[in-house]
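Fold and contact review
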Protein chains: 2
Amino acid sequence: MKPTIRDVAKMAGVSISTVSRVMNSPESVVEAKRSRVLEAIEKLQYQPNAFARGLIYRKSFTLGLLIPDIENMYFAGIIRGMQDACVKLGYSLMICNTDRDKDRLLSYIDAFREKQVDGIVFASDILYPEYYEKLTACRIPFVLLSSHSDEFEVPSVEVDDEEAAYEAVKFLIELGHREIGMIGFNHVNSVSGPPRYEGFVRAMKEGGLTHNIERVAYAEHRFEQAYHASHELFSAHPDITAVFCVADEFAMGTISYLKDRNILVPGQVSVVGFDNLRMANMFIPKLTTVAQPIYELGYRAAEKLHELLTTGSVKVPKEMMKHKLIVRESSRQR
Amino acid sequence: MKPTIRDVAKMAGVSISTVSRVMNSPESVVEAKRSRVLEAIEKLQYQPNAFARGLIYRKSFTLGLLIPDIENMYFAGIIRGMQDACVKLGYSLMICNTDRDKDRLLSYIDAFREKQVDGIVFASDILYPEYYEKLTACRIPFVLLSSHSDEFEVPSVEVDDEEAAYEAVKFLIELGHREIGMIGFNHVNSVSGPPRYEGFVRAMKEGGLTHNIERVAYAEHRFEQAYHASHELFSAHPDITAVFCVADEFAMGTISYLKDRNILVPGQVSVVGFDNLRMANMFIPKLTTVAQPIYELGYRAAEKLHELLTTGSVKVPKEMMKHKLIVRESSRQR
DNA sequence: GTGAAAGCGCTAACAG
DNA sequence: CTGTTAGCGCTTTCAC
């Protein structure tokens, strides 16, 4: 049987209130008793019961994280960052992988509610009214990570997708490329798809290369789809010499496709990715990519949620974190 | 204010026990009242308070997962599998990433105890006496995943590392290779390091190739280290034509090194990995590798833990799951 | 400064 | 079948 506060009280020869006090406001207990209590706690390996506390405080000191695809390496970094912030702030972390399934997502929200998580980080997905309403009905505070909402007032942390994409494409143009394509996210169900395409368009317009604006093929999240999208793109526009991919995994799919077609990267075609996953540095060739501060994004999201939970609001509602172009081997001067 | 059982009772015009009954043994309540209660629950969006329940049942219906390195893609699959099993069995999942830090691990166990997780899956790490004792002292049931213990009686789920390594190496020998090296896990702090090396040795002895037994370089978990280990290995034994890597990430590091040295894979050197990560199929060249049933391993571990929790013991204490050699592009006939 | 007692939301005897 | 009641372990008034 786990020892309870009563066991400690008995061993220390005090009342349970005193034990409770040494745990919550030690200074209000005289030294002599306090040390006896501490000793008993130590000896019994006593640890307060989180259920009993939760019942009183109505807080679980645990945070929930909702992610669409745990096998996307992007989230490994997010999780690390968020968990580190959680230990710093005294929370536990409950992670749920929705596999992009709406019903699962909804049922995880129920689970979070039942477990009384104090707040939720909602990552990389569109905040549909349905989700918003459910979360609001459950009265669970939440923040958006790598996402944002124009429709609702929800705090968010992300990078500036439009600007980041713009810089990546501009880099390609400055390298001398004129025939440039893009592998993008399908715009439906994608938060970062549209702004990244906008960045692409802006760079093209600025460079007087508007004929490229339609050289886009779309994929959804995975390598294989990017492979096929590349096939589409290059079949329609064989003269392309550079492609901007909105995810490192897409860049890998594209390079793989090019390799199978015996097209050299970066010899004949330059490829730029997005995210700077750990893999970007392991791939052959190493990926030139727009780095997101992934770990920091996760860390910051937890901090922001904590701010929301403790102060009731948030200083910077829509926070943008710095991205950075990392030039490696998959791109080259034209 | 979240509605409580009392609110439901009032709205339905019954006592709180009746409400409790319709939730726990509906058949013991007459239809008329039951439907009124159900209606009230629906209308109020009532959900029982997990703290109150936990206090009574002494169960949290949440499981803990301890992993050493969330950025290792191996664990993405483990987590998916375990989480799917958890939703099937009615548990929530709490994941903690230790970053291979002993103190963190120990403090996560404390957190698990405080949160009263029902059981823990301890993944891919050696069960040091220190851990075993702490877990035992906390009276938290646990199972080992991709690990096992000779010292203590703890249920475990893993693949047969020795046999799997043996088959991989044997495959290389059958391909005609005679000068074979290995990139292994440092044996200290590694569970699967020694058996995989044993498998390597057994295949060599059987093939009369014992001169290869010492052609081994060690790395710890990461790509970069495997890259350096490869440098070591090939500097000492430039005649090697095949290398068995005990992890896909090592295989990628090795291939990367070879690429930098302008050595063709599989043209001049064949490389076999281990794990069959999702990445194995995305890398260039696609990796020949020993597939572990990663998702199933995670799934099974949760089931086994559940079995332990509900029945107090486990039918098959040390369970081995099937591995399988997948031949792709990184290996070739000598 | 410290103990007794009420009560957080729920379940499980125990009567009726 | 159903309502009343006694806790589960802890915090927090409220007296002393």
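Everything numeric here is computed off the predicted structure, so don't read it as measured data.

Looking now at the protein's contact with DNA strand D. Taken together, 25 residues surround DNA strand D, and among them Ile5 and Tyr46 of chain A together with Ser17, Thr18 and Arg21 of chain B come closest. Counting only the atoms of DNA strand D that lie within 4 Å of the protein, the sugar and phosphate share comes to 66%. With respect to DNA strand D, the backbone of Ile5 of chain A contributes an N or O atom lying 2.4 Å from a phosphate oxygen. The side chain of Lys33 of chain B places a nitrogen or oxygen atom 3.4 Å from a phosphate oxygen of DNA strand D. When residues of the surface near DNA strand D are traced back to their parent elements, those giving at least two are helix 2 (16-24) and helix 4 (50-57) of chain A together with helix 2 (16-24) and helix 4 (50-57) of chain B. Among the residues making up the surface near DNA strand D, the classes are represented as 11 nonpolar, 9 polar and 5 charged.

On to the relation of the copies chain A and chain B. Structural alignment of chain A on chain B gives an RMSD of 0.2 Å, achieved by rotating through 180 degrees and translating 0.1 Å along the axis. In symmetry terms, the pair is related by a two-fold rotation axis. Most of the interface of chain A is mirrored in chain B, where 100% of its interface residues again form contacts.

All right, on to the protein's contact with DNA strand C then. Close to DNA strand C lie 27 residues; Thr18, Arg21 and Arg58 of chain A together with Ile5 and Tyr46 of chain B are nearest. Take the atoms of DNA strand C that sit within 4 Å of the protein: sugar and phosphate atoms are 70% of them. The contact in question runs from a base nitrogen of DNA strand C to an N or O atom on the side chain of Ser17 of chain A, over 3.0 Å. One nitrogen or oxygen atom from the side chain of Arg21 of chain A is found 2.5 Å from a base oxygen belonging to DNA strand C. Among the elements of the structure, helix 2 and helix 4 of chain A together with helix 1 (5-12), helix 2 and helix 4 of chain B are those that each provide at least two residues to the surface near DNA strand C. Considered class by class, the residues forming the surface near DNA strand C number 12 nonpolar, 9 polar and 6 charged.

Turning next to the sheet that holds strand 8 (residues 242-245) of chain A. All names here are of chain A. The 6 strands are arranged 7-6-8-9-10-12 in an open sheet whose pairing can be described as mixed. Only two strands of the sheet have a single partner each, and these edge strands are strand 7 (216-219) and strand 12 (324-326). Each neighbouring strand pair of the sheet contributes to a mean axis angle of 20 degrees, computed without reference to strand direction. As paired elements, strand 6 (residues 180-185) and strand 8 share 4 bridges and run parallel to each other. Bridge pairing links Met182 to Phe244 in strand 8. Lying on the sheet, helix 8 (residues 161-174) is in contact with strand 6, strand 8, strand 9 (270-275), strand 10 (288-291) and strand 12; it crosses strand 9 at an angle near 160 degrees. Relative to the sheet, helix 11 (residues 248-260) contacts strand 6, strand 7, strand 8, strand 9 and strand 10, its axis offset from that of strand 9 by approximately 155 degrees.

Before going further, it helps to examine the nonpolar core. Residues Phe244 of chain A together with Phe244 of chain B are the most contacted members of the largest nonpolar core, which totals 170 residues. Ranked by size, the runner-up nonpolar core spans 40 residues in total, among them Phe122, Ile140 and Leu144 of chain A together with Ile140 of chain B.

Quick look at helix 1 (residues 5-12) of chain A now. Residues and elements named next belong to chain A. Buried within helix 1 we find Val8, Ala9 and Ala12. Burial along helix 1 is one-sided: seen end-on, the buried residues are contained in an arc of 100 degrees. Exposed positions of helix 1 whose direction lies more than 90 degrees from the buried face are Arg6 and Lys10. Elements that come into contact with the buried residues of helix 1 comprise helix 2 and helix 3 (31-44). A side-chain oxygen of the first residue of helix 1 lies 3.0 Å from the backbone nitrogen of Arg6; this N-cap is Thr4.

This part takes up the UniProt feature "domain: HTH lacI-type" (unreviewed entry) in chain A. The residues that UniProt annotates with the feature "domain: HTH lacI-type" (unreviewed entry) are residues 3-57 of chain A. Structurally, residues 3-57 of chain A is divided into 71% helix and 0% strand, and its ends, taken at the C-alpha atoms, are 21 Å apart.

Residues and elements named next belong to chain B. Contact geometry for helix 1 and helix 3 (residues 31-44): axes closest at 9 Å, N-to-C directions at 125 degrees. Taken together, helix 1 and helix 3 sit at an angle that is classed as oblique. The handedness of the crossing between helix 1 and helix 3 comes out as right-handed. Each of Asp7, Val8, Met11 and Ala12 in helix 1 lies in contact with helix 3, whose residues at this interface are Arg36, Val37, Ala40, Ile41, Lys43 and Leu44. Here the contact of helix 1 with helix 3 is composed, by residue class, of 7 nonpolar, no polar and 3 charged.

Reading the values: rules and limits
- Residues numbered from 1 in each chain as written.
- Chains lettered and ligands numbered in written order.
- Predicted model: local features only at pLDDT ≥ 70, side-chain atom pairs only at ≥ 80, totals over all residues.
- Heavy atoms only, no water.
- Near = heavy atom within 4 Å.
- Polar contact = N/O pair within 3.5 Å; in protein donor to acceptor, adjacent residues only side chain to side chain.
- Helix = DSSP H or I, 4+ residues; strand = E, 2+ residues; numbered from the N terminus.
- Nonpolar A, V, L, I, M, F, W, Y, C, P; charged D, E, K, R; others polar.
- Least-squares fit on C-alpha atoms with pLDDT ≥ 70 in both.
- Contact = heavy atoms within 4.5 Å.
- Pairing = 2+ DSSP bridges.
- Axes fitted to C-alpha atoms, helices over the stretch in contact; angles between N-to-C directions.
- Core = buried A, V, L, I, M, F, W, Y, C linked by side-chain atoms within 4.5 Å.
- Buried < 20%, exposed > 50% of the residue type's maximum accessible area, 1.4 Å probe, protein only.
- Arc of directions from axis to C-beta.
- UniProt positions renumbered as here; feature names shortened; annotations may be inferred.
- Parallel < 35°, antiparallel > 145°, perpendicular 65-115°, else oblique.
- Left-handed = near helix turned anticlockwise from the far one by under 90°.

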